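Here is what each chain is made of, one letter per residue.
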Amino acid sequence: MKNTIAYCGFDCEKCKVYLATVNNKQALHRNDAKLWAESNDLSVLLDQMICEGCRSDGRKIEFCEKQCEIRKCASKKNVRTCKDCFEFDECKTIKEILSNNPDAFKNLGI
């Protein structure tokens, strides 16, 4: 499994913020910050739109770093992905995410 697969199965290589960060494209950062802010009724700053991947030791979007319940849980349990968690079959949080992202099943090898 490649390192850009997040704990939940999301492929970071398909994320505009990740791609803008690793390719050092500031114009894309500004555009994504604006789109995020508008679609989520939030104030998103450019410096919050930097991510080097969910499972990396590098920088992450503030939401993912501090508020993502999946990331918090998986980090605490020290699992590579949610699929490796002993509570995977009963986890309502991951089931909700997977129901909205069919590619995540493939990325987790399910």
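For the structure, check the block above.
A. Main features of helix H4 (residues 69-77). All buried positions along H4 are accounted for by Ile-70, Arg-71 and Ala-74. For H4, the angular spread of buried residues about the axis comes to 95 degrees, placing them on one side. If you follow the buried residues of H4, they end up packed against helix H3 (62-66) and helix H5 (92-99). Asn-78 lies just past H4 and shows a positive phi near 55 degrees.

B. Highlighting the state of the cysteines. Enumeration over the complete set of coordinates arrives at zero disulfides. With no disulfide of its own, Cys-64 lies closest to Cys-51 among cysteine sulfurs, the gap being 5.8 Å. Residue Cys-64 is classed as partly exposed on the basis of its relative accessible area of 24%.

C. Layout of the pattern of salt bridges. All told, the structure shown has four salt bridges when counted by the stated rule. The salt bridge involving Arg-59 is made with Glu-52; its shortest N-O contact spans 3.4 Å. Note that Lys-77 and Glu-87 form a salt bridge whose closest N and O atoms lie 2.9 Å from each other. Of this pair, Lys-77 sits in helix H4 while Glu-87 sits in the loop between H4 and H5, and the two are 10 residues apart along the sequence.

Here is what the cut-offs are and how they apply
Residue numbers run consecutively from 1 along every chain, following the written order of its sequence. Local features are withheld for residues below a pLDDT of 70 in this predicted model, meaning they are given only at 70 or higher, and side-chain atom pairs are given and counted only at 80 or more; totals for whole chains, interfaces and linings count all residues. Here the side-chain values reflect all heavy atoms present in the structure, with hydrogen atoms and water set aside. For every residue, the accessible area (1.4 Å probe, protein chains only) is compared with the maximum for its type, and the residue is labelled buried under 20%, exposed over 50%, or partly exposed between those bounds. The numbering of helices and of strands both runs from the N terminus, where a helix is a DSSP run of H or I of at least 4 residues and a strand a run of E of at least 2. As used here, the arc is the angular range of directions from the helix axis to the C-beta atoms. The contact definition used throughout considers only heavy atoms, calling two residues in contact when any of these lie within 4.5 Å. Note on terminology: disulfide denotes any pair of cysteine sulfur atoms within 2.5 Å. Each salt bridge in this description consists of a side-chain nitrogen of Lys or Arg and a carboxyl oxygen of Asp or Glu lying within 4 Å of one another.

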